[in-house]
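A structural walkthrough
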Amino acid sequence: MSYKIAAPDEYLAITGMNIKNVLITKAAWVWPFQRCTRFSVQPHDYAMNLQAMTKEKLQFLLPVVFTIGPDVNSRGANSKGPRPSPSAQAGHNDHIHDEDRGDALMKYAMLLAESTAQKKGSQYLENIVKGIIEGETRVLVSSMTMEEIFTEREEFKRRIFRNIQGELDQFGLKIYNANVKELKDAVGSTYFQSLSQKAHEGATNQARIDVAEAQLRGNVGEAERHGQQERSIAKINAETAVQKTDRDVERAAAEANLATQKTILSRDVEIARIQATRATESRDEDLKKEVQVKRAAAELERLRATDVVKAAIARESKQQAADAKAYEISADARANFEKSTKAADATAYKTKVEAESNALAVIKNAEAQLEKKLKEAEAMSSMADAYAKMSTAFGGPAGLLQYMMIEKGTYVELAKANAAAVHGMQPKISVWNTGSEAGSSGAGGQGSGQDSAATLRNVYQLLPPLMSTIHDQTGITLPEWQFGKLPNNEVARRDQFQNDSAVNGKK
């Protein structure tokens, strides 16, 4: 029995008694009938020149370098939970199916660890890895064209990495780095050499074309500059000659003008000399005349000055009096303006105070009216409550109304009003009898003996009294041509009625 400890870049794989598969750990007790194997997890570089063929049947060499080693990050079940103590290993069966639960180190230990630990299977591991890399790379390259490999370099690298990693997972290995170098021609192939030569020749030809174009632009530019320089010089010379000719013409014109001016000046000088002589003589006479005039004017001015001084003194006196008067008027105007301004301000203030007092009085009056109305409303409300109680006491609104009319004397007033309405009236009641025995005492007993014309006769006998009644009541006399003339007895009766009316009126 011994206690085994692994180095930092190593792991221990323990098999044997009470371990169904493999126990992967860094340190553990090794019991009798158990076997402990150390294996390194250091990654290794695998460099190869793979010969592959593209989709177009083009062969080339693909130099690659892969850094591959055991995957220490995918521990699976061995990284979960505390490790059992040595005393409890007798009944420990937790690692029976660890290789099926994703433990990469267990896969590596079961398949490759013993060979690498004994230093005998390094070539064996290299052959496995290189075989996987070569096979997956050839399969991938055969499905791509050369143009795709060149233009999609990163995608090509990712696909190689993904395909190879999928195969290495079953051995517990991991690709830590993958580097694809520049492609090379296979033996007997000149594809990349031709492409390089083509690119080189294309670059050389393009460079020569660029140089020629640059030289062309330089020569043309230089010729243009020379031509422009010569044109500018010729233009300047021509302008100089034209300007020189213009200056010569101007100089000749100036000289001719100078000679003309000299002649004119000589003539003018002579004329001026003669005119000066004549002017001197005339001026002498004028001066003499002016002396006489000035003497007379001086005397006149002396005499005028006396009057002017007097007038000036009088004018200044009047001016001062006018200024004093204007000052007084201005002072009075300012005083009146200030007085009127103060009066207007006082009036405005008084008006404002009166308006405020009136507004306050109106507000107070309105408040008093409001209070009065409120009191009246309260009184009416109280009265209404009292009337409601009285109505209940008198058996309803009709009893209350009769009581109020009796209390207020309404019935008495109505009686007086009716009496006043019929006072002085003389009502006329007309009664007439249209029977055959009108006016007789036995008219009622002889009614049965009337003939068949009695009805018609009664109607005609009814008309005169009716006309008389209409005339008496309304004052309207019906036309005689339509209803006939009133009988004498009716006329007499009407006259009697009028006389009686006159007598009553006098009374």
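Residues numbered from 1 in each chain as written. Predicted model: local features only at pLDDT ≥ 70, side-chain atom pairs only at ≥ 80, totals over all residues. Heavy atoms only, no water.

For the rest of this paragraph, the subject is the overall build of the protein chain. Secondary structure summary: the protein chain contains 10 helices and nine strands in total. Taken over 507 residues, the protein chain has a buried fraction of 20%. In the protein chain, the share of contacts with a sequence separation of at least 24, taken over all contacts with a separation of at least 6, comes to 62%. Looking at the protein chain as shown, the accessible area adds up to about 36600 Å², and 57% of this sits on carbon and sulfur atoms. (Helix = DSSP H or I, 4+ residues; strand = E, 2+ residues; numbered from the N terminus. Buried < 20%, exposed > 50% of the residue type's maximum accessible area, 1.4 Å probe, protein only. Contact = heavy atoms within 4.5 Å. Areas by Shrake-Rupley, 256 points an atom, 1.4 Å probe, with all protein chains shown as cover.)

Here helix α6 (residues 397-408) spans 16 Å end to end across 12 residues, near enough to the 16 Å set by a 1.5 Å rise per residue. Burial in α6 covers these residues: Leu 400, Met 404 and Met 405. Along α6, the residues classed as buried sweep out an arc of 135 degrees about the axis, all on the same side. In α6, those exposed residues whose orientation departs by more than 90 degrees from the buried face are Ala 398 and Ile 406. One or two steps after α6, the chain reaches Gly 409, where phi turns positive at roughly 75 degrees. (Expected span 1.5 Å × (residues − 1). Arc of directions from axis to C-beta.)

We now examine the packing of α6 against helix α7 (residues 410-422). Between α6 and α7, the shortest axis-to-axis distance is 5 Å and the interhelical angle comes to 65 degrees. Of the possible angle classes, the one that applies to α6 and α7 is roughly perpendicular. Of the residues in α7, those touching α6 at Gln 402, Met 405, Ile 406 and Lys 408 are Thr 410, Tyr 411 and Leu 414. Its residues assigned to classes, the contact of α6 with α7 shows four nonpolar, two polar and one charged. (Axes fitted to C-alpha atoms, helices over the stretch in contact; angles between N-to-C directions. Parallel < 35°, antiparallel > 145°, perpendicular 65-115°, else oblique. Nonpolar A, V, L, I, M, F, W, Y, C, P; charged D, E, K, R; others polar.)

This part takes up the nonpolar core. In this structure, Ile 24, Phe 39, Phe 66, Ile 68, Phe 156 and Leu 173 are the most contacted members of the largest nonpolar core, which totals 41 residues. The element that contributes the greatest number of residues to this core is helix α2 (residues 122-142), accounting for seven residues. (Core = buried A, V, L, I, M, F, W, Y, C linked by side-chain atoms within 4.5 Å.)

The subject of this paragraph is a nonpolar patch on the surface. A cluster of nonpolar side chains, contributed by Met 1, Tyr 3, Ile 5 and Trp 29, occupies part of the molecular surface with about 450 Å² of accessible area. Take Trp 29: it is sitting in strand β4 (residues 27-30). (Patch = residues over 30% accessible without salt bridge, like charges linked within 9 Å, V, L, I, M, F, W, Y side chains within 5 Å. Salt bridge = Lys/Arg side-chain N within 4 Å of Asp/Glu carboxyl O.)

In this section: the sheet that holds strand β2 (residues 10-16). Pairing within the open sheet is antiparallel, and its three strands lie in the order β3-β2-β5. If you trace the sheet from one side to the other, it starts and ends with β3 (19-25) and β5 (34-40), each paired once. Ignoring strand direction, the axes of neighbouring strands in this sheet form an average angle of 20 degrees. With four bridges joining them, β2 and β3 adopt antiparallel strand pairing. Within β3, the residue paired with Gly 16 across the bridge is Ile 19. (Pairing = 2+ DSSP bridges.)

The next subject is the pattern of salt bridges. Under the definition given, this model contains 11 salt bridges. A salt bridge links Glu 10 to Arg 38; the nearest nitrogen and oxygen atoms lie 3.5 Å apart. Of the two residues, Glu 10 sits in strand β2 while Arg 38 sits in strand β5, which places them 28 residues apart along the sequence. The partner of Asp 284 in a salt bridge is Lys 288, and the shortest N-O contact between them spans 3.6 Å. Pair noted here: Asp 284 and Lys 288 are both in helix α5 (residues 191-393), with a separation of four residues, about one helical turn. Among the residues examined, Lys 288 registers a relative accessible area of 49% and is labelled partly exposed.

Further remarks concern a negative patch on the surface. Residues Glu 56, Glu 147, Glu 148 and Glu 152 make up a contiguous surface patch of negative charge. The residue Glu 147 is located in helix α3 (residues 146-151) in this model. (Lys, Arg positive; Asp, Glu negative; His and termini not counted. Charge placed at Lys NZ, Arg CZ, Asp CG, Glu CD.)

What follows concerns the environment of Ser 142. Structurally, Ser 142 can be placed in helix α2. Considered as a pair, Ser 142 and Met 53 are 89 residues apart in the sequence and their alpha carbons are 5.8 Å apart. Apart from residues no more than four positions distant in its own chain, Ser 142 is found in contact with Met 53, Thr 54 and Lys 55.

Evaluation of the coordinates by the stated rule reveals four aromatic pairs. With a centroid separation of 6.3 Å and an interplanar angle of 20 degrees, the aromatic rings of Tyr 11 and Phe 39 are classed as stacked. Placement of the pair is Tyr 11 in strand β2 and Phe 39 in strand β5, with a sequence separation of 28 residues. Judged by its relative accessible area of 12%, Tyr 11 falls in the buried class. For Phe 39, a relative accessible area of 1% puts it in the buried group. Here the aromatic residues Tyr 11, Phe 39 and Tyr 108 are joined through ring pairs into a cluster of three or more. Between the NZ or CZ atom of Lys 26 and the centre of the ring of Tyr 11, over which it lies, the distance is 4.5 Å. (Phe/Tyr/Trp six-rings, centres within 6.5 Å; stacked < 30°, edge-to-face > 60°. Lys NZ or Arg CZ within 6 Å of the ring centre and 35° of its normal.)

Let's shift gears to the confidence of the model for the protein chain. Of all residues in the protein chain, 79% have pLDDT values of 70 or greater, and the mean over the chain is 78. The model gives residues 77-101 a pLDDT under 50, and that stretch makes 32 contacts with residues more than four places away or in other chains. Note that pLDDT drops below 50 for residues 439-446; the model gives that stretch two contacts with residues more than four away or on any other chain. (pLDDT = per-residue confidence, 0-100.)

This part covers unusual backbone geometry. At Asn 18, a position not held by glycine, the phi torsion is positive, near 65 degrees. Within the secondary structure, Asn 18 sits in the loop between β2 and β3. In this structure, Lys 57 takes a positive phi of about 70 degrees despite not being glycine. By the element assignment, Lys 57 lies in the loop between β6 (44-53) and β7 (59-70). By relative accessible area, Lys 57 is classed as exposed at 61%.

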